[in-house]
Amino acid sequence: MASGATMHLAVSLAPETAPSSPSDVVPDFSLLTRSVQKAEAAGLDMVLLADSAPVAGGPNRQMRFEATTLLAALATVTSKIGLIAAASMVAHQPYNLARRFASLDIISHGRAGWNASMMPDPREAANFSRPEGFSGDAFRLRAEEFVGIVQGLWKGWDADALLFDKSGGRFFDPEKMHLLDHRGEYFSVRGPLNVARSPQDTPVLVMSGLSEPDMDIAARTADVVLLDQRSIDWADDLKRRALAFGRRPEGLKVLMNVVTDGEMAAMPDMFADRLEECFRSKACDGFNIAVPLTSALDDFIGLVLPELRRRGLVRSGYSAATLRAHLGLAGEDRQ
């Protein structure tokens, strides 16, 4: 995956600790804004906005903003960086989630993406009329159907379907509108969306929280897959499976999750060494760096990133206007 290429870099922003005082409960949007703008000024590919995490105390602790609302706000104060929001397949129905991200993609001019976690959270299910939660197999089958519906709805209108022909009285070309008309085990969705086709063809689909049985779903549908270090050996298998599904292997990007620690500030060269070794071994296409909303982001941008650029591992700036095109993913890039 390296072979002269440059690595893709994302950052996951999360609070450093659980709230310890009443003031901590009120989210600081200005701090989030400054952090994302710093990431954009540094030329990072994308920022991942957590919503909730199944494991308390993990790198993506609960963000006290609803993620898609936060994405919409951040889209108005940035212009180049990709914005990926987590959104639950338990808390949403496929139609309203597809519509929300299609709208966000237009608002952000083609920089939006959905982080779909394949890891069920029983605590979340209890808030949405499923106190018994889901078995692993049931969640997987439901998630596979959910993702298929969302992607089908995103493609419900051809790029040139909307005519706005006042003289002829034609708002759209009916031949270029495609009803989904889905009837499955878990959902029934007619479609289409009442939102035009995305500026980047479809929003970028990021998948996380994979277990081995989820590999085919990710290989067939995902644009970006996030893997922990313990499962990074799955990267080659994912690309082989993508090829078997008729996809270009380079059309699926695999990023390894990296949790920051004191090593980054104390020994930035060694932190850069770790990333370079993994990338040059062709284990992944880049990294998702989990950073709390503290000086850790400044340390990565100010200490580690210049070293990676000095080694020719990270490109400078943005190569395209949309996230999909910048990542080199399949799909027509329309302005």
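Procedures and definitions
Residues numbered from 1 in each chain as written. Predicted model: local features only at pLDDT ≥ 70, side-chain atom pairs only at ≥ 80, totals over all residues. Heavy atoms only, no water. Phe/Tyr/Trp six-rings, centres within 6.5 Å; stacked < 30°, edge-to-face > 60°. Helix = DSSP H or I, 4+ residues; strand = E, 2+ residues; numbered from the N terminus. Buried < 20%, exposed > 50% of the residue type's maximum accessible area, 1.4 Å probe, protein only. Contact = heavy atoms within 4.5 Å. Polar contact = N/O pair within 3.5 Å; in protein donor to acceptor, adjacent residues only side chain to side chain. 1 Å grid on protein atoms, 1.4 Å probe; cavity = no way out; pocket = protein on both sides within 12 Å on 5 of 7 lines; lining within 4 Å. Points joined across faces, edges and corners; volume = space filled by probe spheres on them. Nonpolar A, V, L, I, M, F, W, Y, C, P; charged D, E, K, R; others polar. Pairing = 2+ DSSP bridges. Axes fitted to C-alpha atoms, helices over the stretch in contact; angles between N-to-C directions.

*Asks:* Before we move on, can you summarise the packing of aromatic side chains with the specific residues and values?
*Replies:* Inspection of the entire model under this criterion finds 5 aromatic pairs. An angle of 80° between the planes, with centres 6.1 Å apart, marks the rings of Phe-29 and Phe-65 as edge-to-face. Pair noted here: Phe-29 is in helix H2 (residues 29–41) and Phe-65 is in the loop between strand E2 (46–49) and helix H3 (67–75), with a separation of 36 residues, a long-range link. What makes Phe-65 partly exposed here is its relative accessible area of 23%. Ring centres 6.3 Å apart and planes at 35° place the aromatic pair Phe-101 and Trp-114 in the tilted group. Of this pair, Phe-101 sits in helix H4 (residues 94–107) while Trp-114 is found in strand E4 (residues 112–117), placing the two residues 13 residues apart along the sequence. Trp-114 gets classed as buried once you look at its relative accessible area, which sits at 0%.

*Asks:* Describe the environment of Asp-45, naming the residues involved and giving the relevant values.
*Replies:* Mapping Asp-45 onto the fold places it in the loop between H2 and E2. When its relative accessible area of 5% is taken as the criterion, Asp-45 is described as buried. Each C-alpha atom, one on Asp-45 and one on Ile-81, is 5.8 Å from the other, the two residues being 36 residues apart in sequence. Those residues in contact with Asp-45 that sit more than four places away from it in its chain are Met-7, His-8, Leu-9, Ile-81, Gly-82, Arg-315, Tyr-318, Leu-323, His-326 and Leu-327. Of note is the side chain of Asp-45, whose polar atom sits 3.0 Å from the side chain of His-8. Within the structure, the side chain of Asp-45 is placed 2.8 Å from the backbone nitrogen of Leu-9, a separation counted as a polar contact.

*Asks:* Hey, could you go over empty space enclosed by the protein for me, with residue numbers and the actual values?
*Replies:* If you roll a probe as big as a water molecule over the atoms, it shows you where there is empty space left. Throughout the structure, instances matching the rule amount to 1 cavity of 30 Å³ or more. If you add up the space inside the largest cavity, you get close to 50 Å³. As for the largest cavity, its lining consists of Ala-102, Leu-153, Trp-154, Gly-156, Trp-157, Leu-193, Val-195, Ala-196, Arg-197, Ser-198 and Pro-203. Residues that form the lining of the largest cavity fall into these classes: 8 nonpolar, 2 polar and 1 charged.

*Asks:* Any chance you could break down the sheet that holds strand E11 (residues 253–259) for me, citing the residues and the numbers?
*Replies:* Read around the barrel, 8 strands follow the order E1-E2-E3-E4-E9-E10-E11-E12 and close on themselves; strand pairing throughout is parallel. Each strand of the sheet is rotated relative to its neighbour by a mean of 25°, with strand direction disregarded. Contacting strand E10 (224–227) and E11, helix H8 (residues 234–244) runs over the sheet at an angle of about 155° to E10. The strands that helix H11 (residues 295–310) touches are strand E1 (8–14) and strand E12 (286–292); relative to E1, the one it contacts most, it runs at about 170°.

*Asks:* So what's going on with unusual backbone geometry? Which residues, and what values?
*Replies:* A cis geometry characterises the amide bond from Gly-191 onward to Pro-192, with omega recorded as -5°. Take Pro-192: it is sitting in the loop between strand E8 (188–189) and strand E9 (204–208). In this model, Asp-181 sits at a positive phi of 50°, which is unusual for a non-glycine residue. Among the secondary structure elements, Asp-181 is positioned in the loop between strand E6 (170–172) and strand E7 (182–183). For Asp-181, a relative accessible area of 43% gives the class partly exposed. Even without being a glycine, Lys-282 presents a positive backbone phi close to 65°. Inspection of the secondary structure puts Lys-282 in the loop between helix H10 (268–280) and E12.

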